[in-house]
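Notes for the structure review
Below, each chain spelled out in residue letters.
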Amino acid sequence: MLKIIMRFKNIKIIEDPELLINARKPEGKLGSKLIEKMNVNHEGLAQWSLSHLDISKDDVILDIGCGGGVNVDRFLKITENKVYGLDYSEAACEKSALLNEEAISDGRCEIIQGSVSELPFDDNTFDIATGFETVYFWPDFINDLKEVHRVLKDDGRIFIANEALPKENDARQKELIELLNMKIYSKDQLEEYLLEAGFSNVISYVKESKDSFTGESADWICVIGQK
Ligand SMILES: C[S@@+](CC[C@H](N)C(=O)[O-])C[C@H]1O[C@@H](n2cnc3c(N)ncnc32)[C@H](O)[C@@H]1O
């Protein structure tokens, strides 16, 4: 791990690798610091992408890879039903629970530590399952999508929002992928994998924008699929 950090420091493509490496699974003090940054930096992506998703006041919503819990908080203001946040990082769950503590004590919200690969929910539980800036790290993408499909109600929707599409010959993106051991999916891949996992009516939207951490140009994407 140290070696990787040094190498990235030396080539100076990524400004703060120790902090960024936490994006995969925030841990400890640095993880908490990154979560706070993500809560702010990902606001633009959340607002743009959610403009493409209809949410009703009856929807039961699960946010997977909920990080610091701002989207859980956002959903609690839209639906009158329950909102769940799930993340495999303890630090992320702590932050999410703190931000949403009032709703948790009102019985409207639950924050659960767990993996997308084994969701601790019954079949047909949710109307909407979202994932913001998280699918890059899912270990077994198609099977993980099938797991999300399982916990959605009939006609339930999956919603994925990413701040990155693959860039050919982009040194920074290549280094980032190696540093974080992540996968950046193209629009075609996301659509194809959703279909393969059993979703239908798959639709995606792309916007030319900027990476919220570096300010470099980046394409944002959101994809919606129906069970
Ligand atoms: C880049 S952060 C994004 C956090 C938040 N969704 C946001 O937009 O600010 C990615 C989050 O996904 C979580 N994550 C990654 N892989 C996961 C998995 N397999 N199961 C559950 N959570 C996961 C990480 O712990 C982290 O909190």
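Placed above this text is the structure.
Residues numbered from 1 in each chain as written. Predicted model: local features only at pLDDT ≥ 70, side-chain atom pairs only at ≥ 80, totals over all residues.

1. Digging into the pairing of strand S2 (residues 83-87)
As a reminder, the rule being used: Backbone-placed C-beta atoms define the burial measure: a residue is buried with 20 or more other C-beta atoms within 10 Å of its own, exposed with 12 or fewer, and partly exposed in between. In this text, helices come from DSSP runs of H or I with a minimum length of four residues, and strands from runs of E with a minimum of two, each type numbered from the N-terminal end. DSSP-based pairing: two strands are paired if at least 2 bridges between them are found. Note on handedness: a clockwise path from strand one over the helix to strand two, with the strands aimed away from the viewer, defines a right-handed crossover.
Burial of S2 is extensive: 5 of the 5 residues sit out of reach of the surface. A two-sided burial pattern is seen for S2, the buried positions comprising Val83, Gly85 and Asp87 on one face and Tyr84 and Leu86 on the other. Two elements, strand S1 (residues 61-64) and S2, share 4 bridges in a ladder whose sense is parallel. From the neighbouring strand, Asp63 faces S2, where its bridge partner is Gly85. Read from S1 through helix H5 (residues 70-76) to S2, the crossover connection turns out right-handed. Pairing analysis gives 5 bridges linking S2 to strand S3 (residues 109-113), with the strands arranged parallel. Paired with Tyr84 across the bridge in S3 is Glu110.

2. A short note on the nonpolar core
For the record, the criterion: Buried Ala, Val, Leu, Ile, Met, Phe, Trp, Tyr and Cys residues form a nonpolar core when they are connected through C-beta atoms within 7 Å. Once C-beta atoms have been placed from the backbone, residue pairs whose C-beta atoms lie within 7 Å are recorded as contacts.
With 53 residues, the main nonpolar core has Leu62, Ala129, Ile158, Ile160 and Leu194 as its most contacted residues. Sort the elements by how many residues they give to this core and strand S7 (residues 217-226) lands first, with 6 residues. Those residues within four positions of Ala129 in sequence are excluded, and the remaining contacts are Leu62, Ile64, Val148, Val151, Leu152 and Ile158.

3. Remarks on the pairing of strand S6 (residues 200-210)
Summarising the sheet, S6 and S7 pair through 9 bridges and their orientation is antiparallel. Its bridge partner lying in S7, Lys210 is registered against Ser217. Between the end of S6 and the start of S7, which pair antiparallel, lie 6 residues, with Gly215 showing a positive phi angle near 80°.

4. As for the site of the ligand
Heads up, the condition is: By definition, a residue lies near a molecule or strand provided its backbone-derived C-beta atom is within 6 Å of it. Residues are grouped as follows: Ala, Val, Leu, Ile, Met, Phe, Trp, Tyr, Cys and Pro are nonpolar; Asp, Glu, Lys and Arg are charged; every other residue, Gly included, is polar.
Lining the immediate surroundings of the ligand are 20 residues, of which Met38, Gly65, Gly67, Ser89 and Phe132 lie closest. Taken together, the residues of the shell around the ligand sort by class into 11 nonpolar, 6 polar and 3 charged.

5. What about the sheet that holds S3?
Filter applied, for reference: Fitted lines through C-alpha atoms give the axes, limited to the stretch in contact for helices. The angle between two N-to-C directions lies from 0 to 180 degrees.
Read across the open sheet, the 7 strands follow the order S3-S2-S1-S4-S5-S7-S6; overall the sheet is mixed. Edge strands, defined here as strands with exactly one partner in the open sheet, are S3 and S6. Ignoring which end each strand starts from, the neighbouring axes of this sheet average 15° apart. Both strand S4 (residues 126-132) and strand S5 (residues 152-162) contribute to a ladder of 6 bridges, which runs parallel. Each bridged residue has a counterpart across the sheet, and for Ile128 the counterpart in S5 is Arg157. Running over the sheet, helix H6 (residues 90-99) touches S2 and S3 and is turned about 170° from S3. Across the face of the sheet, helix H8 (residues 141-151) comes into contact with S1, S4 and S5 while running at roughly 140° to S5.

6. Here we look at the packing of helix H3 (residues 28-41) against H6
The condition that has to hold: Oblique is the label for any angle not covered by the other classes, which are roughly parallel (under 35 degrees), roughly antiparallel (over 145) and roughly perpendicular (65 to 115). Here a crossing is called left-handed whenever its near helix is offset anticlockwise from the far helix by less than a right angle, and right-handed whenever the offset is clockwise.
The geometry of H3 relative to H6 is characterised by a closest axis approach of 9 Å and an angle of 50° between their N-to-C directions. It follows that H3 is oblique to H6 by the angle criterion. Crossing hand, H3 versus H6: right-handed. Touching Gly28, Gly31, Ser32 and Ile35 of H3 are Ala91, Ala92 and Lys95, all from H6. Residue composition of the contact of H3 with H6, grouped by class: 3 nonpolar, 3 polar and 1 charged.

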